[in-house]
Amino acid sequence: MASIILLSVLGIANLFLGFLRSNRMLLPAAMVILLIVFGANLYDWNAPAQSYFNNMLTIDRFSVAFTGIVVLTTLLLLPFSQKYVRDNEANLAEYYSLLLFSLVGAIMMVSYDNMLMLFVGIEILSISMYVVAGSDKRNVRSNEASLKYFLMGSFATGILLFGIALVYGATGAFQLSEIGAAVTNPANDSLRPMLYIGILLMLIGIGFKVSAAPFHYWTPDVYEGTPTFFAAFMSTVVKTAGFAAFLKLLVQAFPAAQGFWIPTIVAMCALTLLIGNVGAVAQQSLKRMLAYSSISHAGYLLLGLVAFNGELSGLSANGIFFYSLAYSIATVAAFGVLKLVHDQRQREDYDGLNGLARTNPLLAFVMTIAMLSLAGIPLTGGFFGKFFLFGAAVDKGYIGLVVFAVIMSMVGIYYYLRPIIAMYMKPADDETEAPITVGSFQSAVLIILAVLTVVLGVLPGLVSGVL
Amino acid sequence: MLTALLLFFPLAAALLLHFVKGNAGRVFAFGAALLEFIVAVYAAVTFDASNVGQLEVNLPWIASAGISFHVGMDGLSLLLVLLTTFLAPLILLASFRHDYKNASAFYALVLFMETGLIGVFTSMDAFLFYFFWEVALIPIYFLAGIWGGERRVAVTFKFFLYTIIGSLFMLAGFVYLYYQTGPAANGLAAHTSDLQAFYDLSLTAAEQSWLFWLIFIAFAVKMPIFPFHTWQPDTYTESPAPATMLLSGIMLKMGIYGCLRWLLPITPLGVSQWGWLVMILAVIGIIYGAIIAIRQRDMKRLIAYSSLSHVGLMAAGVFSLTQMGLQGAVVQMLAHGVNVVGMFFIADIIQRRTNTRLIPELGGLTQTTPLLSVSFLVVLLATVALPLTSGFVGEFLLLAGVFQYNNWLGAVAGITIILGAVYLLRMFQRVMLGPATSFTAAFRDLNGAELAVLVPLIFMIFWIGLFPNTFLQMSEPSVIRILSLMQR
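Residues numbered from 1 in each chain as written. Chains lettered and ligands numbered in written order. Predicted model: local features only at pLDDT ≥ 70, side-chain atom pairs only at ≥ 80, totals over all residues. Heavy atoms only, no water.

### Some remarks on the overall build of chain B
And then number 1: Helices and strands together make up the secondary structure of chain B, namely 19 helices and 2 strands.
And then number 2: Computed over its C-alpha atoms, the radius of gyration of chain B comes to 21 Å, within 12% of the 23 Å expected for a compact globule of 488 residues.
And then number 3: Once the C-alpha set of chain B is aligned to its principal axes, its extents read approximately 70 × 60 × 45 Å.
And then number 4: Counting the 488 residues in chain B, one finds 67% classified as buried.
And then number 5: A separation of at least 24 residues holds for 81% of the contacts in chain B among residues at least 6 apart in sequence. (Helix = DSSP H or I, 4+ residues; strand = E, 2+ residues; numbered from the N terminus. Rg over C-alpha atoms; globule rule 2.2 N^0.38 Å. Buried < 20%, exposed > 50% of the residue type's maximum accessible area, 1.4 Å probe, protein only. Contact = heavy atoms within 4.5 Å.)

### Thoughts on the interface of chain A and chain B
And then number 1: The partner chain B presents 32 residues to the 33 residues of chain A that form the contact.
And then number 2: Interface of chain A and chain B: buried area, both sides summed, is about 2800 Å²; carbon and sulfur atoms make up 85% of it.
And then number 3: In terms of surface lost to chain B, no three residues of chain A exceed Phe387, Met410 and Met425 of chain A, which account for 23% of the buried area on that side.
And then number 4: The tally of links from chain A across to chain B stands at 0 salt bridges. (Buried area = accessible area lost by both parts, 1.4 Å probe. Salt bridge = Lys/Arg side-chain N within 4 Å of Asp/Glu carboxyl O.)

### A look at the nonpolar core
And then number 1: Judged by nonpolar contacts, the single largest core of 375 residues is most densely connected at Phe254 of chain A together with Phe174 and Phe319 of chain B.
And then number 2: Sorting elements by how many residues they give to this core places helix α14 (residues 314-345) of chain A first, with 18 residues.
And then number 3: Residues in contact with phenylalanine 319 of chain B, not counting those within four places in the same chain, are Phe212, Phe216, Cys259, Leu263, Leu264, Val271, Gly275, Val278, Met279 and Tyr405 of chain B. (Core = buried A, V, L, I, M, F, W, Y, C linked by side-chain atoms within 4.5 Å.)

### A word on the confidence of the model for chain B
And then number 1: In the predicted model, chain B carries a mean pLDDT of 88, and the fraction of residues at 70 or more is 99%.
And then number 2: Note on the complex model: pTM 0.90, ipTM 0.85. (pLDDT = per-residue confidence, 0-100.)

### Describing the packing of helix α5 (residues 126-135) of chain B against helix α6 (residues 137-147) of chain B
Packed helices, taken two at a time, are described by the angle their axes make and the gap between the axes.
Residue and element names in this part refer to chain B.
And then number 1: In the contact formed by α5 and α6, the axes pass within 4 Å of each other and the chain directions differ by 5°. Between α5 and α6, the angle falls in the class roughly parallel. On α6, the residues touching Trp133, Glu134 and Val135 of α5 are Leu137, Ile138 and Pro139.
And then number 2: Looking at side-chain class alone, the contact of α5 with α6 contains 5 nonpolar, no polar and 1 charged residues. (Axes fitted to C-alpha atoms, helices over the stretch in contact; angles between N-to-C directions. Parallel < 35°, antiparallel > 145°, perpendicular 65-115°, else oblique. Nonpolar A, V, L, I, M, F, W, Y, C, P; charged D, E, K, R; others polar.)

### Describing unusual backbone geometry
And then number 1: With an omega dihedral of -5°, the bond running from methionine 223 of chain B to proline 224 of chain B counts as a cis peptide bond.
And then number 2: Unlike most non-glycine residues, serine 211 of chain A shows phi in positive territory, near 50°.
And then number 3: Mapped onto the secondary structure, serine 211 of chain A falls in the loop between α9 (192-209) and α10 (218-225).
And then number 4: Overall, the relative accessible area of 2% leaves serine 211 of chain A in the buried class.

### Remarks on the packing of helix α17 (residues 381-395) of chain A against helix α18 (residues 399-425) of chain A
Residue and element names in this part refer to chain A.
And then number 1: Two numbers describe how α17 lies on α18: the axes approach to 10 Å, and their chain directions differ by 155°. Judged by the angle between their axes, α17 and α18 are roughly antiparallel. Residues Lys386, Phe390, Ala393 and Val394 of α17 touch α18, and the partners they reach there are Val402, Ala405, Val406 and Ser409.

### Here we look at the packing of aromatic side chains
And then number 1: By the definition in use, this model includes 64 aromatic pairs over all chains.
And then number 2: Measuring from ring centre to ring centre gives 5.3 Å for phenylalanine 212 of chain B and phenylalanine 216 of chain B, while their planes differ by 10°; the resulting arrangement is stacked. Of this pair, phenylalanine 212 of chain B and phenylalanine 216 of chain B both sit in helix α9 (residues 205-222), 4 residues apart, which is roughly one turn of that helix. Each of the two residues, phenylalanine 212 of chain B as well as phenylalanine 216 of chain B, counts as buried.
And then number 3: One aromatic cluster in this structure is built from Phe322, Phe383, Phe384, Phe387 and Phe388 of chain A together with Trp61, Phe127, Tyr130, Phe131, Phe132, Tyr178 and Tyr179 of chain B. (Phe/Tyr/Trp six-rings, centres within 6.5 Å; stacked < 30°, edge-to-face > 60°.)

### Brief notes about a positive patch on the surface
And then number 1: Taken together, Arg295, Arg297, Arg426 and Arg430 of chain B make up a surface patch of like positive charges.
And then number 2: With respect to the element layout, arginine 295 of chain B can be found in the loop between α12 (268-294) and α13 (299-319). (Patch = residues over 30% accessible without salt bridge, like charges linked within 9 Å, V, L, I, M, F, W, Y side chains within 5 Å. Areas by Shrake-Rupley, 256 points an atom, 1.4 Å probe, with all protein chains shown as cover. Lys, Arg positive; Asp, Glu negative; His and termini not counted. Charge placed at Lys NZ, Arg CZ, Asp CG, Glu CD.)

### With respect to the environment of tyrosine 236 of chain B
Residues and elements named next belong to chain B.
And then number 1: Counting through the fold element by element, tyrosine 236 comes out in helix α10 (residues 232-238).
And then number 2: Tyrosine 236 gets classed as buried once you look at its relative accessible area, which sits at 1%.
And then number 3: The sequence separation of tyrosine 236 and leucine 246 amounts to 10 residues, and the corresponding C-alpha distance is 9.9 Å.
And then number 4: Setting aside chain neighbours within four positions, we find tyrosine 236 in contact with Trp231, Thr244, Leu247, Ser248, Leu252, Lys300, Ala304, Ser307 and Phe344.

Have a look at this one:
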């Protein structure tokens, strides 16, 4: 709870910092705020589970763990916004505050106990995203991305809300535990069709937020138009919060209806894996590839929902937690390097990376670790992320689905290798010959990201069973 | 702890190499690899072959999932660790002559690779094994991809995709086996991935039938067995010489070793169901590789195809499931490692001096190069399996094993010796004898550093050829144990 209060208060304080007209202060201030929040959040780890606002929010290990991921991700992402600082963007304080506020939404999504809180959390997160998607005001593509995201996101929100309403109609409750009890109550059997349609609409609404197929269409276009920095935020924080919310909803409200929603999720999972991976192969732009890759990772995370075991700990929850963490770190590293390259070479295609290993060995090395992690090669966190999720699904008997996921990750290796080939094995051309200047602070963060990825890959036991 | 030391010492050296630049880097890398070899020899001297599973280290790794850092050695592991640590310093020494860009990174990758290989040969836990199996792939990918020839990008890409896709099948198989096991010994986790637990599983014939293929494909690609071999000649040709030596000398043994350690004992019923098919594929590979080798004009390609042919024979020996066949495979792994590294090294020397690998452009080297000629002939005759050299013992045992399995297959596989003599002696004749060409007119004989690589190799060729019992005794208890595990 401390994290929500701190983020709200300090977010407003940060907004007022903008009046000081000293943009240099903003980045350190935002990072300090996040550090404080991260610490305050960790402080709750050993505290007993605590409910707030008439049991609308519960801060337990599950919520602390996922809050930890989103705050840490944002913290590690922020240094890559330095160019905004240098360019003296007019509304810088607003953007940082929007990120802090959106984290409040994310935290509500991972700790809600009441569907209204879920809705409010999703909206807080989404509305911030609609704004930041268009933050590159003079760029037509950014405007297009913002509008597209806003229109489609609003529809998705509407659908989600409709789903909540139908579930309320069928069960007479907004509280997750009460819904769970009502679903098992035989007296409500006549309302089952309404409940199922409600669940389906909710799946669609959240599926849109985490860009699971077939509700992924916005993803590549929006990522492409959104400034890289914010695209990275979308593909990590929004997805992590979305999956935590997903898991919470299914575990606490609808375990009794699993006969209905598990086949739906299985179908979504297979489709998402197919579209994400096959789509990524066809891309020429690194940024679009990362967008499709983010779709494909939603597919792997859906495996964790399929492996559902009716509690917020155990194989599936731990698998989703570990995967989200490993994926977020690797994605921040990939987008971070992409942003540095894009800022100075104005290129987002693979060839823009040519010869990077010669000019910037550190950037190339970190990018390589990130790509290997996303591809799920051992020695990186991504390998164990996949391993835990696949294992959880095998344990539940979904062997066919896991085999399909394995085949899809083979496809994944194909496109994750392409940046590595460009960096190490292709010569630089005129445009890519000059080294990219990287600040020492950014270098340090890149090293931290690489080290974290390798630590997760070598000592996964540190966080693999914490929930 | 000795095993863990062997495992992590090269890795530590590779990391330290980052801080050692220039000429000191090569000395440091070579020194580290040599020290590693000395430690491995010490391990071998203190080793008691009759006792299974020594030098074990068993620490919890991912305790909540029942996965442990469990390494240890029996005679089979030890022989391959010896091979790896013996060849690594020679491979490093062989690469000194090249003026590689960013040489420290090159040496660091070779040392990194050594860790991966030793990890594969000593892992007693399925996921640790898979982990190192993939880790060994990463350095070779960069070695071949950065320092390779003209077509390196396409070729290494194909190589990486082939091998990793093969490995993913194995991972799927391991995950399935993992969920069949009971609780881990420490009681923390519901399942365990320990090798012994996998051995103890009682799987139905139907399960073993498809598990066999899942696991076998990974090994088949790595060896490589026909028809999973298409990456091999290209990769061998395009990789820089030291990477080719690593690939052919050590890495292809990962596949044979994997069959012995993992495939045969875990899926004996699958092996008895599909072994005939593997035998036929292996024999096809033997003949196919040899016939194509005859037609090659490029020395490196010729050796690559000859390697394909030889590895087919090793696979046939393994799947003959006789003690002779398995022992032959073990000793042939060592012999082939030594021979093929020697062959590729000599090919590399010739290429570096003449700037060509094409056989028709060469000739007449014997007139000016007594040292090279003798070394080449020894290595070549060992590859042809002349008695008293390393190749003979292995091939004899292997063929004897295949004959026990099936006379006809044995007879066909035996042709490999004739064909091998044909293409290898032809190569020697056209490269070394006859009149000198414009490429070879000013050829200098071996220098000290090159001799320093070849002399230990030749020494080993004769040691294996004259006293094979040194090695056969070490592996015998392991081989008997593998066969007895299959009889359950």
